Amino acid sequence: GILKDELTADSAARIALVNNRDVQATLQDLGLAQADLAQASRLSNPDLHGFLRSPNREPGGKNYEISLVQDFLNILVEPLRKKFAAAELEVTKLRVGHELMRTMADTKVAFFTLAGREQLATRLALILDIEQTAVAFARRQSAAGNINDLQLLNHEAAATEAAMALALTRIDARRDRERLNRLMGLWGTDLEWKIATGLPPLPERETGVEQLESFAISNRLDIDAARWGVETVGRALALKQKTRYFPVGIEGGVQHEKDTDGQRVTGPSLGLQLPLFDTGKASIARLKAEYERSQRQLEGLAINTRSEVREARDVMMAAREVKERYETVLLPQRVRILEETTLHYNMMLKGAYDLLLAKQGEVSAERGYVESWRDYWIARTELERAVGGRLPGALADRGNKETPQSLPEGETVR
């Protein structure tokens, strides 16, 4: 199954789509909307009425009356009712699709958080190994009388701090892993998955903000759903304005009556509910208000989407700049400072406190470098969420093929 391979951000999102119980519950909204569409395609049941009367003075036959009545207005508006239900189904599809995209984004954020944490733990483990080696060497120096007790304690404290930092990072990694398990809906034997080693490299180029704004407006499913909502309310308003003086109900049928003398009478019947008191003015006013509200909501959503795209891209670009600055400037500087300080310490030109500060600076740079790397991919995922899908040109930049958003036929989670 898919969990036999190393877990990536895309494969984690795919698992969440097919295995997350909240996603499965959301998908049932499609079934409800499809049932409403099927119900809208059916005619209402006819009404059967019957009366039985007996004379109370003179004996004689009984009088009974039977009528079968159907609401013909229901038949006339059935095509319109079906169109509205179909529109509601489309809105539901778009809304459910938007929820699925959000689940994918949440899963990718959880994945990158865990990947960054584990990568940081790997680096801290290497630093701890170096610190423990330094402590062992310092103890031999102390036994030989080359360093005093204070210098030895400084080395031991640095190793203890490195061990504590690694332990706390591993605790956070366990918490991040369980959050990812919840999003993917995993339990039992499915929990033994392995994450891909290291965060992916940054793409070579980024998409311009203007292109991203336009892409988001045309690509986001919640905006499409809002457009459908405006159109649906507009159709309802137009229909109500055209039919406001039509009879509210039209009932036609057949009546059969047998009188007390045995004579039978059969004929058609017609019933009209006339709009004398309720002319539909209040209903039209309500629909107009709903139409204006849906338009303003669509406009507000479009404005907010553009703002979200700009904000997410700014955060992503800032994280990229910080990561590259750590990688090319600060981290090499801290490594060089530690090397030079260690050399001077061995030559007795620097004290243990200077060496400790250099080590702390290098650890801080390592942590900042990994966290900025992680922050970039989280910010990029948030940008994907803002534009409603994978970024334009992202596949070419990352150099891999697009991963389908659902499992191939026959593939299982295990």
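Note that this is a predicted model, so its numbers are computed, not measured.

(A) Main features of the packing of aromatic side chains. Following the criterion strictly, the structure yields 4 aromatic pairs and no others. Judged by centre distance (5.6 Å) and plane angle (45 degrees), the rings of Tyr369 and Trp373 are tilted. With Tyr369 and Trp373 both in helix H9 (residues 352-387) and 4 residues apart, this pair spans about one turn of that helix. The class of Trp373 is buried, set by a relative accessible area of 11%.

(B) The packing of helix H7 (residues 221-242) against helix H8 (residues 281-346), seen in detail. The interhelical angle for the contact between H7 and H8, taken along N-to-C directions, is 160 degrees, at an axis separation of 9 Å. Between H7 and H8, the angle is such that the two are roughly antiparallel. When you trace H7 past H8, the crossing you get is left-handed. Facing Asp222, Ile223, Ala226, Arg227, Val230, Val233, Gly234, Ala236, Leu237, Lys240 and Gln241 of H7, the residues of H8 in contact are Ser283, Ile284, Leu287, Lys288, Glu290, Tyr291, Ser294, Gln295, Leu298, Leu301, Ala302 and Thr305.

(C) Structural detail: the confidence of the model for the protein. Averaged over every residue, the pLDDT of the protein is 83; the share at 70 or more is 89%. In this model, residues 395-414 is a region of pLDDT below 50 whose contacts with residues beyond four sequence positions or in other chains number 38 contacts.

(D) Local environment of the pattern of salt bridges. Counting across every chain of the model gives 31 salt bridges. Linking Arg306 and Glu213 is a salt bridge whose minimum nitrogen-to-oxygen distance equals 2.9 Å. With Arg306 in helix H8 and Glu213 in helix H6 (residues 209-219), this pair connects stretches of sequence that are 93 residues apart. Residue Arg306 is classed as partly exposed on the basis of its relative accessible area of 32%. Between Asp375 and Arg374 there is a salt bridge, and its shortest N-O distance comes to 2.9 Å.

(E) Spotlight on the nonpolar core. The biggest cluster of nonpolar side chains holds 48 residues, and the ones touching the most others in it are Leu7, Phe111, Leu180, Met184, Trp193 and Leu383. Counting residues per element, the ones that place at least two in this core are helix H1 (9-19), helix H4 (78-144), helix H5 (149-184), H6, H8 and H9. Here this core gets 12 residues from one element, more than from any other, and that element is H9. Apart from residues no more than four positions distant in its own chain, Leu383 is found in contact with Leu212, Val309, Ala312, Arg313, Met316 and Leu391. Ranked by size, the runner-up nonpolar core spans 8 residues in total, among them Ile147, Leu152, Tyr345 and Ala358.

About the cut-offs
Residues numbered from 1 in each chain as written. Predicted model: local features only at pLDDT ≥ 70, side-chain atom pairs only at ≥ 80, totals over all residues. Heavy atoms only, no water. Phe/Tyr/Trp six-rings, centres within 6.5 Å; stacked < 30°, edge-to-face > 60°. Helix = DSSP H or I, 4+ residues; strand = E, 2+ residues; numbered from the N terminus. Buried < 20%, exposed > 50% of the residue type's maximum accessible area, 1.4 Å probe, protein only. Axes fitted to C-alpha atoms, helices over the stretch in contact; angles between N-to-C directions. Parallel < 35°, antiparallel > 145°, perpendicular 65-115°, else oblique. Left-handed = near helix turned anticlockwise from the far one by under 90°. Contact = heavy atoms within 4.5 Å. pLDDT = per-residue confidence, 0-100. Salt bridge = Lys/Arg side-chain N within 4 Å of Asp/Glu carboxyl O. Core = buried A, V, L, I, M, F, W, Y, C linked by side-chain atoms within 4.5 Å.

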